[in-house]
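Coordinate inspection notes
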Amino acid sequence: MPVIRRRKATEPHRTPDTKTPSEEEEEDEEEEVNNKKKAHKEKVKPKKGGKPEWSCIDSCCWLVGWICISWWVFLFLYNALPASIPEYVTEAITGPSPDPPGVKLAKEGLKAKHPVVFVPGIVTAGLELWEGRRCADGLFRKRLWGGTFGEVYKRPLCWVDHMSLDNETGLDPPGIRVRPVCGLVAADYFAPGYFVWAVLIANLARIGYEEKTMYMASYDWRLSFQNTEVRDQTLSRIKSNIELMVATNGGNKAVIIPHSMGVLYFLHFMKWVEAPAPMGGGGGPGWCAKHIKAVMNIGGPFLGVPKAVTGLFSAEAKDIAVARAIAPAFLDNDIFNLQTLQHVMKMSRTWDSTMSMIPRGGNTVWGDLDWAPEEGCRPSKKKQGNNNTEDQSKDETGIEVSQKKKVYFGRLISFGRDVAEANSADIDRIDFRDAVKGNSVANTSCRDVWTEYHDMGLEGIKAVVEYKVYTAGDIVDLLHFVAPKLMERGSAHFSYGIANNLDDPKYDHYKYWSNPLETKLPNAPQIEIFSMYGVGKPTERAYVYKLSPSAECNIPFQIDTSVNGEDKDSCLKDGVYTVDGDETVPILSSGFMCAKGWRGKTRFNPSGIQTYIREYDHSPPANLLAGRGTQSGAHVDIMGNFALIEDIMRVAAGATGEELGGDQVYSDIFKWSEKINLRL
């Protein structure tokens, strides 16, 4: 109820003429405070039962605040102690810590040799403001992404406006310039205390590396890959820096270390740098062979990731879906009226880079209604590592791994559990592609944030649901139907098919360069390519969806978190089917190209570049004091994995893949790859 401000009655010995404006203002403020106090007392007035009405604002916020303050005080005191005391406490609980790889390899006498280039992935590199609107006054060259994220809390709608790109061009909106942070600090830490590249950088420094032999190839990860060159000349800068580092380090070729989406970005770079200008960098067909020793890809989504689809389709993944189920009002139409998910969707659908991770290869790679390469996968079953390509379909007890119930991983999106589990012959589907979209009344009947779903109308939403199940071969058409502006921009920059003839001149266009199934590796047989990723973490593969309760006002589709498997080892939990991977990228996407697509001389690898798979089995930290652990296989935490860091350092110091031990495999990647019928 709005507070009505009234002038306070004057005292007998004072007249209105004798009051100053400041006194009147103070009285009005006092009256307003008293009214608020009175309203609050009435709000918590005991009911007939005698107990006051419970209020989350009064209780939860105080509890959360107390927990946060206590935690920060604890961390402050812990870090304020002399370094030896926390180390002593940690070792007393967990036992002696192993030497970091940098210390270990320095004792062995390894020295810096090859310059190294880090290529960060999506969201892990910082972005700062160079020009903004009035709401962003005082933020010049302050980080909008990365760091403390303080502006998200202080002025969230202003932050969303400045982090969004133009919905027509995919470039800067008028009056806004947000640019990538430069230098190693661009992605050493994502937020205070949350490392990305910092641990690897520190260990490389132990054997003699410094800023002149390390380069962070930071870029605006929101842009399409080619647009980073169009707007910022980022690809040209990477080319120049690699040439400079090689020339000033005795001709020693560079070791490139991309992570996550940075893997696709550097794949695009290798085609761009040798392509003729103006579309390419004009380096000529021998540039990669002359300047690159090895490409050590970490957590690479070579063939895309299913969670990229749900991010574009409903602005959620597993964690968001669970949070939405626990507190639906907070994300859909929260207490501050910010409609969080709608704002996230509106913003992220202007980021063209997200379309680079839509699954590639269609049903040939990801499976169809009745088949998928990972049939029988249980991510909780741990296997023994080896260095061969034999079938590894047994768990540690020697028992064949199998599912109690057939799981159709090829059905990336299913509307309803019954559809996800039904025989394909029993699924009656109505094609959505030719459906007529109706008119929506959402913008006039609801207080909402505009998304492209408002242009679909209820008839279009109904058509999506009636198709019932979507495989990888349907996903691109689905996204064209629900997000036409997004996909119109994306189709000019990315492609998701399999090339029939790689010598066709159309594949010289940059839209194909980041798809390993539609482009060739450079003619550089001396280069080595590694695929390094974690295993042992349940990773999103397929989803069970439902229609949102208020589809005409909010995002109309959401993951059905009420759907779970029949036992604790089931691959289905909270509406999400999982397979083995690093919690973000399924093994199939990370490993297939190095296991089969590029293995030996193939049409995708005509010069026979040597490829290796290095898997790192996830082992969680022993306790909270161990931080994120030194044996993690999680998508970002693997950047602190001592075994992975040691492998990178040995190659940077001059070792080959064979000297590392060749392939290191825990999963069934070779078995699954053989199931994929792809002409090589």
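Computed from a predicted model, the values in this text were never measured in an experiment.

1. Brief notes about the pattern of salt bridges
In this structure the tally under the stated criterion is 28 salt bridges. With its nearest N and O atoms 3.5 Å apart, the salt bridge here joins arginine 141 to glutamate 128. Of the two residues, arginine 141 is situated in the loop between β2 (127-131) and β3 (143-145) and glutamate 128 in strand β2; the sequence distance between them amounts to 13 residues. Residue classification places arginine 141 among the partly exposed residues on the basis of a relative accessible area of 46%. Of the charged contacts in the structure, one is a salt bridge between arginine 433 and aspartate 477, with a shortest N-O distance of 2.9 Å. Of the two residues, arginine 433 sits in the loop between α17 (417-421) and α18 (442-445) while aspartate 477 sits in helix α20 (residues 472-482), which places them 44 residues apart along the sequence. Look at arginine 433 and you get partly exposed, because its relative accessible area is 32%.

2. Remarks on the state of the cysteines
Inspection of the entire model under this criterion finds 1 disulfide. Bridging cysteine 135 to cysteine 158, the disulfide has an S-S length of 2.1 Å. Between cysteine 135 and cysteine 158 the sulfur-sulfur dihedral comes to about 80°; the bridge is accordingly right-handed. Residue cysteine 135 is located in the loop between β2 and β3, and its partner cysteine 158 is located in helix α6 (residues 156-163); the two are separated by 23 residues in the primary sequence. Overall, the relative accessible area of 36% leaves cysteine 135 in the partly exposed class. Residue cysteine 158 is classed as buried on the basis of its relative accessible area of 9%.

Procedures and definitions
Residues numbered from 1 in each chain as written. Predicted model: local features only at pLDDT ≥ 70, side-chain atom pairs only at ≥ 80, totals over all residues. Heavy atoms only, no water. Salt bridge = Lys/Arg side-chain N within 4 Å of Asp/Glu carboxyl O. Helix = DSSP H or I, 4+ residues; strand = E, 2+ residues; numbered from the N terminus. Buried < 20%, exposed > 50% of the residue type's maximum accessible area, 1.4 Å probe, protein only. Disulfide = S-S within 2.5 Å.

Functional significance is not addressed by these values, which are geometric in nature.
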